[in-house]
Amino acid sequence: MPLPTPRTLFDKLWDSHAIVTRDDGQTLLWVDRHFVHEGSFHAFNKLKERGARVSRPDLTFGIADHYVPTRRGGAIADPSIRSMVDQLRDNTADNEVLLFGLDDPRQGIVHVVGPEQGLTLPGLLMVCGDSHTSTHGAFGAWGFGIGASEVAHVLLTQTLWQRKPLRMRIRIDGRLVPGVGAKDIALSVIARIGADGAQGHAVEYAGSAVTGLSMEGRLTLCNLSIEAGARCGMVAPDETTFRYLDGRPFAPQGDAFARAVEDWRRLPTDEDAVFDREVSLSAHDIAPIVTWGVSPEDALPIGGQVPDPAHVEDPAKAAQIRDALAYMDLKPGQDLSAIRVDRVFIGSCTNSRIEDLRAAAAVLAGRQAKVPGLVSPGSSLVKRQAEEEGLDRVFREAGLEWVESGCSMCVGMNGDLVKPGERCASTTNRNFKGRQGPGSRTHLMSPAMAAAAAVTGHLTDVRDLLKGRI
Amino acid sequence: MEPFRTLSAPACGLPVANIDTDQLIPARFMKRSRSEGYGSYLLHDMRFGSDGAVRPDFPLNHPGAAGARILVARRNFGAGSSREAAVYALVDFGIRCVIAPSFGDIFASNAVNNGLLPARVEETDAEALLERLAAEPGEAVVDLDNQRIVAGNLSVAFKVDPVCRLKLLNGWDDIDLTLAQADAIAAFTERDREARPWATPRR
Ligand code: SF4
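A. Here's a closer look at the overall build of chain B. Looking only at helices and strands, one finds eight helices and seven strands in chain B. Taken along its principal axes, the extent of the C-alpha atoms in chain B is 65 × 40 × 30 Å. The buried share of chain B, reckoned over its 203 residues, is 56%. For chain B, contacts bridging at least 24 residues in sequence account for 65% of all contacts bridging at least 6. For chain B, the accessible surface area stands at approximately 8500 Å², while carbon and sulfur atoms represent 51% of it. Both charge centroids of chain B, one from 23 positive and one from 27 negative side chains, sit 4 Å from each other.

B. Representation of the sheet that holds strand 2 (residues 27-30) of chain A in the model. All names here are of chain A. A sheet is described by the order of its strands in space; here three strands give the open sequence 1-2-8, paired in antiparallel fashion. One side of each edge strand has no neighbouring strand; the edge strands of this open sheet are strand 1 (18-21) and strand 8 (159-162). Adjacent strand axes in the sheet meet at a mean angle of 25 degrees when their direction is disregarded. Of the strand pairs in this sheet, strand 1 and strand 2 are connected by three bridges, and their pairing is antiparallel.

C. The pairing of strand 19 (residues 441-444) of chain A, seen in detail. Residues and elements named next belong to chain A. Judged by which residues are buried, strand 19 turns out to be covered on both faces: R441 and H443 on one side and T442 and L444 on the other are all buried. As judged from the four bridges shared by strand 18 (residues 423-426) and strand 19, these two strands associate in the parallel manner. Paired with C424 across the strands is T442, a residue of strand 19.

D. How the structure looks around the side chain of A:R423. All names here are of chain A. For R423, the position within the fold is in strand 18. A polar contact of 3.3 Å, which involves the side chain of R423, links it to the backbone oxygen of D329. Apart from the residues within four sequence positions on either side, R423 is in contact with M328, D329, L330, I339, R340, V341, D342, R343, R441 and H443.

E. Representation of helix 1 (residues 9-17) of chain A. The buried fraction of helix 1 of chain A is high, at seven of nine residues. Where helix 1 of chain A is concerned, the buried positions are A:L9, A:F10, A:D11, A:K12, A:L13, A:W14 and A:H17.

F. Broad picture of the nonpolar core. Among the nonpolar cores identified, the biggest contains 183 residues, and A:W142, A:I172, A:W264, A:F395, B:F77 and B:L90 are the most heavily contacted of them. For this core, the element with the most residues is helix 15 (residues 447-456) of chain A, which contributes eight residues. With sequence-adjacent residues up to four places away left out, A:W264 is seen in contact with A:L121, A:P122, A:P237, A:F242, A:L245, A:P252, A:F257 and B:W198. Counting residues in each nonpolar core, the second largest holds 27 residues, with B:C97, B:V112, B:L129 and B:A151 among its members.

G. Spatial organisation of the packing of helix 12 (residues 354-364) of chain A against helix 15 of chain A. Residue and element names in this part refer to chain A. Following both chains from N to C, one finds helix 12 and helix 15 inclined at 30 degrees, their axes separated by 8 Å at the closest point. The angle between helix 12 and helix 15 falls in the class roughly parallel. Judged by the sense of rotation from one axis to the other, the crossing of helix 12 with helix 15 is right-handed. The segment helix 12 lies against helix 15, with D356, A359, A360, V363 and L364 engaging P447, A448, A451, A452, A454 and V455. Looking at the contact of helix 12 with helix 15 residue by residue, the class counts come to ten nonpolar, no polar and one charged.

H. Region of interest: the interface of chain A and chain B. Taken together, the contact pairs 73 residues of chain A with 62 residues of chain B. Together, the buried faces of chain A and chain B total about 5100 Å²; carbon and sulfur atoms form 55% of this surface. For the pair chain A and chain B, the interface holds seven salt bridges. Among the ionic pairs, B:D22 bridges to A:R435, the shortest N-O distance being 2.9 Å. On inspection of chain A and its partner chain B, the count reaches 31 residue pairs in polar contact (both at pLDDT 80 or more). Ranked by the residues each element gives to the side of chain A that touches chain B, the list is headed by helix 5 (residues 148-157) of chain A, at six residues. When grouped by side-chain class, the residues that make up the side of chain A that touches chain B number 34 nonpolar, 21 polar and 18 charged.

I. Seen up close, the pattern of salt bridges. Residue and element names in this part refer to chain A. One pass over the full model with this rule turns up 45 salt bridges over all chains. Between R56 and D58 there is a salt bridge, with its nearest N and O atoms 2.9 Å apart. Owing to a relative accessible area of 25%, R56 belongs among the partly exposed residues under this scheme. For D58, a relative accessible area of 28% corresponds to the partly exposed category. One connected set of salt bridges, linked through shared partners, spans D11, K164, R167 and D276.

Calculation rules
Residues numbered from 1 in each chain as written. Chains lettered and ligands numbered in written order. Predicted model: local features only at pLDDT ≥ 70, side-chain atom pairs only at ≥ 80, totals over all residues. Heavy atoms only, no water. Helix = DSSP H or I, 4+ residues; strand = E, 2+ residues; numbered from the N terminus. Buried < 20%, exposed > 50% of the residue type's maximum accessible area, 1.4 Å probe, protein only. Contact = heavy atoms within 4.5 Å. Areas by Shrake-Rupley, 256 points an atom, 1.4 Å probe, with all protein chains shown as cover. Lys, Arg positive; Asp, Glu negative; His and termini not counted. Charge placed at Lys NZ, Arg CZ, Asp CG, Glu CD. Pairing = 2+ DSSP bridges. Axes fitted to C-alpha atoms, helices over the stretch in contact; angles between N-to-C directions. Polar contact = N/O pair within 3.5 Å; in protein donor to acceptor, adjacent residues only side chain to side chain. Core = buried A, V, L, I, M, F, W, Y, C linked by side-chain atoms within 4.5 Å. Parallel < 35°, antiparallel > 145°, perpendicular 65-115°, else oblique. Left-handed = near helix turned anticlockwise from the far one by under 90°. Nonpolar A, V, L, I, M, F, W, Y, C, P; charged D, E, K, R; others polar. Buried area = accessible area lost by both parts, 1.4 Å probe. Salt bridge = Lys/Arg side-chain N within 4 Å of Asp/Glu carboxyl O.

Following this line, the structure appears as structure tokens:
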């Protein structure tokens, strides 16, 4: 008998979810978890048009995050925003779908709540009408974002048609230097391969710098996979994963958990499995990174300078840089560390977990912010934990605003906006034009770097502020 | 969905890379229901100034681009969020085909689910098309059967995922195809309960 072909983690997930494959290569896949949020109203409307109901409410979970106010108390003032939150409440109630709503102590950003509640598990296929669903890959799950038509399809059938993507492995070996974290790894990867560098690929992150990350760090890394264009990003489950999951509310317990762990141990990529593409980076070479332009690929180490389009040969690329610099109001050759900021935002599904808040607080403790800023924890439970640890005091005493959990200034749908022309040091995931509000200028960076920018009022190498602290 | 075979229509060049979904439709316009139409928000902050005035220098605002149903752009078109509203904005505006060297994956699936063709061309062909449209805006012909784009004396091949091509050519709707698989789905769930008992969330 021939030996079984060695498989990657992704192959194993694919195989365990394939229901049927058509001649044209499309495979119908089973979906284990489906998260819906306020923006899913288009899909619920499609369902209503068909007179249909959610087929598996037990595998569907509602979360209010995209439009929720971060200053709560009383009714939501803006009627159009209130209606978004109300529609989610009604649509989930009508279909008997569990909702982590505005008043639920477990409410938070979908990609923070899923892991926190143990809804995210190794070996699952998870979807949500949000591109950062790649986040859940941190557990060795296959998570990806889908559009409204696909959301409707999953609501109706609990399945999805897909073509098998190519497989890419990104290895990061070695030790990260202090002050450098998962966000810096992710931005370095995107800068290296481009914002479309992983298009059509399922990415697996490997190497000692990756396995050395906590679950929080892995979540940040996988979260940003979509900013390299990847279909999904994942890390093989290991002891760190199992330890995190043990005892989480929706995760299996006792014997069921032991059985699950036994299965999950078989998920990691087989030794001789082949990837369609391999990329590797040395962890030691990674410095704190900031973005200067309007795509996450416009990222450079903080010690660098704003690029000069005059030195770029490709005319299309030069035009792209010129356009980005005009929008961002930056000069070619300017030191990145000389860029002044008007505000900071610490939050979003990329960087708002407890470790992120600790990293920012470690920089801010005993210091004053020179610019205003908003800190929005990733979930109401993260908020409570941070308050138990006294982190809220550190932020408040530094002069930053400590608010409730939601997507907030990542996308500005709830009204938390960066004003036109303002420059924001932000722990989010997209520096697109107008992402944080019309005319907003976003510099992406880690929570520690955003805290450093708050303290000095300009982009700053956080390592200078950490001397004697770590 | 209306099948897509050959489209002969005015084309507009947008020589910009990384046109992300936040630009295709800024988040603040996404609260409306689809029936109200999304076309007027397409690329809103590029088409209009902060005072709401039309930006005459923006290609889609040129008189030659009136009635455009084909858009040509640079690489990584539709990167970013999964918002299908980005596709609604294009479709409601009248666009049925976007030509670019590469597309965001989620955007491309959303496009096909709404009868919009994401046609992938070589970078040099995209530049040639852009150059031609800049010099002389006009009609282009997109032939999905033969995967070819013709604009004046320029003729270039394009790529599209074969499944997407079939879906567009036939105007197929996924949900109907899936409902026909009910037996296979039932058999799968039965097997899966044994194979992965832990996959069901604890309640
Ligand atoms: S925080 Fe931002 S990226 Fe994350 S789910 Fe919310 S809107 Fe999407």
